[in-house]
Amino acid sequence: MTTSAAARLRRLRWLLTVLFTILNAAGLVVLAWLFIEQDREAGELRMDTELKQVTAAVLRLVQRTGDTGITTGYIGGDQIDTSCPEFAVLPAGAGEFDPHFSTRDCVAEDRRYLYGLARDAAASGRFVEGYVPGQGGELVRVVAQPFLNAAGQYAGAVVATSDPSAALARHRNVVLWVIGGCALLVSALAVTGHVLSGRAIRPAAAALEQQEVLLAETAHDLRTPVAALRALAETAWRNPAERPDLLPRTVRLAARMGSIIDDLLVRARLAAGVEVLAMQPVWLDQLVTAVVEETPAEGAQVTVTATPTKVNADPGLVQRAVGNLLGNAIRYGRQPGAPAIVHITVAGGRVTVADHGPGIDPSVAEESFDRFASGGGSSGLGLSIVRWTAQAHGGYLRVYNAQDGGAIFELAFPPVP
């Protein structure tokens, strides 16, 4: 099953959107994780700082007797013994002494874990920080600070405990806000990626549209002359002696088809941006006069009024543009049953082609430069080439109706001073 180019472009746009969103979301997730970890560490650092202040204050009240003796009797008389966070002075190491627990119950800790933390701190000689389960299964934040006896041996540790529920709840709120913010940002990134991917593939979509227009123009413009050429050839084949006039008509029709194909190729090259202008000084009046002399009049009355005008232009493209304007006027700029009357004026870098036909509807004048229909029924392909030529040279193509009837096409180029 084949897939259209438009469908492939749509899939490409969604693929670019997904890739853009995933890459940015991955970076966002990493940043969010780092922020959450930093917030968690900052909360734990605040709790540990408070607990270390308690352990330091308690250690100042611990007394040493002899080489290995420890006395905690002075702690009970200090205000810290009835304050929160609560603490415990526990033996762990050299020497034995009675443990001391602060009198105020601030958190329901499991004392079995406190003894283990005291032993870890005394064995390592460093602070031990972390969480331990409480009596109800909730977490308790603890800090254990070891201390020495008079002989320089670690005799025990002061273990301070606090309830981390408020800090953990605040951290959970931060996590929820970060997750919600990330979800919103990912959604915004998806929308932004879809918009940016649409802009990225816009040139390809425009090129595809131009290709489709070119194919449509080719089919539209060649259908009628091909049918007429076939009809003439079949008639000439059946009546070779009775219709000698068919051969010249066939030749003219074939020439018209060749001109249409040339116009299509020029239009395609202009649309693709591969047409390179061979800029040089050109006498516009002489070029227009030569085009009029070389174009079959087909019974039309063509007059030229020209003054010397020099422009910087590609003579080949300008010649084709003027020829298209003249051919359009000869073919369609006439009243029914009457010969075409065309007058061309060249002055000041402008070529004005006026006919006496039915004119052109101003509402569709711009469309006649792009697609298939003009006021007289032309394909519009030649006029689109005229406009492309004018724009490529920094000029313009305008069309309007004369007061006494007929259409006027004005092709302008920047004149050379």
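What counts and how
- Residues numbered from 1 in each chain as written.
- Predicted model: local features only at pLDDT ≥ 70, side-chain atom pairs only at ≥ 80, totals over all residues.
- Heavy atoms only, no water.
- UniProt positions renumbered as here; feature names shortened; annotations may be inferred.
- Helix = DSSP H or I, 4+ residues; strand = E, 2+ residues; numbered from the N terminus.
- Buried < 20%, exposed > 50% of the residue type's maximum accessible area, 1.4 Å probe, protein only.
- Contact = heavy atoms within 4.5 Å.
- Areas by Shrake-Rupley, 256 points an atom, 1.4 Å probe, with all protein chains shown as cover.
- Pairing = 2+ DSSP bridges.
- Phe/Tyr/Trp six-rings, centres within 6.5 Å; stacked < 30°, edge-to-face > 60°.
- Axes fitted to C-alpha atoms, helices over the stretch in contact; angles between N-to-C directions.
- Expected span 1.5 Å × (residues − 1).
- Disulfide = S-S within 2.5 Å.
- Salt bridge = Lys/Arg side-chain N within 4 Å of Asp/Glu carboxyl O.

Going by the annotation in an unreviewed UniProt entry, the name recorded for the chain is histidine kinase, with Prauserella muralis given as the source organism. Regarding the chain, the relevant UniProt record gives this comment under Subcellular location (unreviewed entry): "Cell membrane".

Q: Is there a simple way to think about the overall build of the chain in this case?
A: For the chain, the helix and strand inventory stands at 8 helices and 14 strands. In the chain, buried positions account for 39% of the 417 residues. Across the chain, the fraction of contacts at a sequence separation of at least 24, relative to all contacts at a separation of at least 6, is 64%. Surface accessibility of the chain: about 22,800 Å² in total, with carbon and sulfur atoms responsible for 58%.

Q: Explain the environment of A94 to me, please; I cannot follow it from the model alone.
A: Its place among the elements puts A94 in the loop between β3 (86-91) and β4 (100-101). For the pair A94 and G156, spaced 62 residues apart in the sequence, the C-alpha separation amounts to 7.8 Å. Residues in contact with A94, not counting those within four places in the same chain, are N149, Q153, Y154 and A155.

Q: What exactly am I supposed to notice about the sheet that holds strand β7 (residues 154-162) here?
A: Adjacent strands of a sheet pair through backbone hydrogen bonds, lying either parallel or antiparallel. On the basis of which strands lie adjacent, the open sheet formed by 5 strands has the order β4-β3-β7-β6-β5 and antiparallel pairing. At either margin of the open sheet sits one strand with a lone partner, and together these are β4 and β5 (128-133). Of the pairings in the sheet, the one linking β5 to strand β6 (residues 139-148) comprises 6 bridges and is antiparallel in character. When the bridges of β6 are listed, V128 appears paired with A144.

Q: Hey, could you run me through the packing of aromatic side chains in this one?
A: A full pass over the atoms with the stated rule returns 1 aromatic pair. Taking the centre distance of 6.0 Å and the plane angle of 45° together, the rings of F97 and F147 count as tilted. A residue pair is termed long-range when its members are at least 10 positions apart, and F97 in the loop between β3 and β4 and F147 in strand β6 qualify at 50 residues. The two residues F97 and F147 agree in class, both being buried.

Q: Would you mind going over unusual backbone geometry with me for this structure?
A: With glycine set apart, most residues show a phi of negative sign, and most peptide bonds adopt trans. Residues C84 and P85 are joined by a peptide bond in cis, for which omega reads 5°. Tracing the backbone shows P85 in the loop between β2 (69-71) and β3.

Q: I tried to follow the sheet that holds strand β9 (residues 301-306) on my own but got confused; where do I start?
A: Strands sit in the order β9-β11-β12-β14-β13 across an open sheet of 5 strands; the sheet is mixed. The open sheet terminates on both sides in strands that have one partner only, identified here as β9 and β13 (396-401). For this sheet, the mean inter-axis angle between neighbouring strands, taken without regard to orientation, is 15°. Where strand β11 (residues 341-347) lies against strand β12 (residues 350-355), 6 bridges are found, and the strand directions are antiparallel. What sits directly across from V346, in β12, is V351.

Q: Just checking my understanding: could you explain helix α2 (residues 111-124) for this structure?
A: Three- or four-residue spacings in an α-helix give side chains the same orientation, since the helix completes a turn every 3.6 residues. End to end, α2 covers 20 Å across 14 residues, agreeing with the expected 20 Å (1.5 Å per residue, within 8%). Of the positions making up α2, those classed as buried are L114, G116, L117, A118, A121 and A122. Buried residues along α2 sit in contact with β3, β4, β5, β6 and β7. One or two residues past the end of α2 sits G125, with phi positive at roughly 70°.

Q: What exactly am I supposed to notice about the state of the cysteines here?
A: By definition, a disulfide links two cysteine residues through a covalent bond between their sulfur atoms. All chains considered together, the criterion is met by 1 disulfide. Sulfur-sulfur distance for the disulfide between C84 and C106 comes to 1.7 Å. The S-S bond linking C84 to C106 shows a torsion near -90°; that makes this disulfide left-handed. Highlighted residues: C84 in the loop between β2 and β3 and C106 in the loop between β4 and α2, separated in sequence by 22 residues.

Q: Just to check I follow, could you spell out the pairing of β13 for this structure?
A: Sheet faces and side chains relate simply in a regular strand, where the side chains alternate between the two faces. With 6 bridges joining them, β13 and strand β14 (residues 407-412) adopt antiparallel strand pairing. When the bridges of β14 are listed, Y396 appears paired with A412. Where β13 folds back onto β14 in an antiparallel hairpin, the turn is made up of 5 residues, including G405, whose phi is positive at roughly 105°.

Q: What's the story with the pattern of salt bridges in this structure? I'm lost.
A: Working definition: two side chains of opposite charge can pair if their charged atoms are close together. The full count for this structure, using the stated rule, is 9 salt bridges. Salt-bridge contacts for R141 lead to E44; the nearest nitrogen and oxygen are separated by 4.0 Å. Highlighted residues: R141 in strand β6 and E44 in helix α1 (residues 5-59), separated in sequence by 97 residues. With respect to burial, R141 and E44 carry one shared label: buried. Residues joined in a network through salt bridges with shared partners are E37, R40, E41, E44, D48 and R141.

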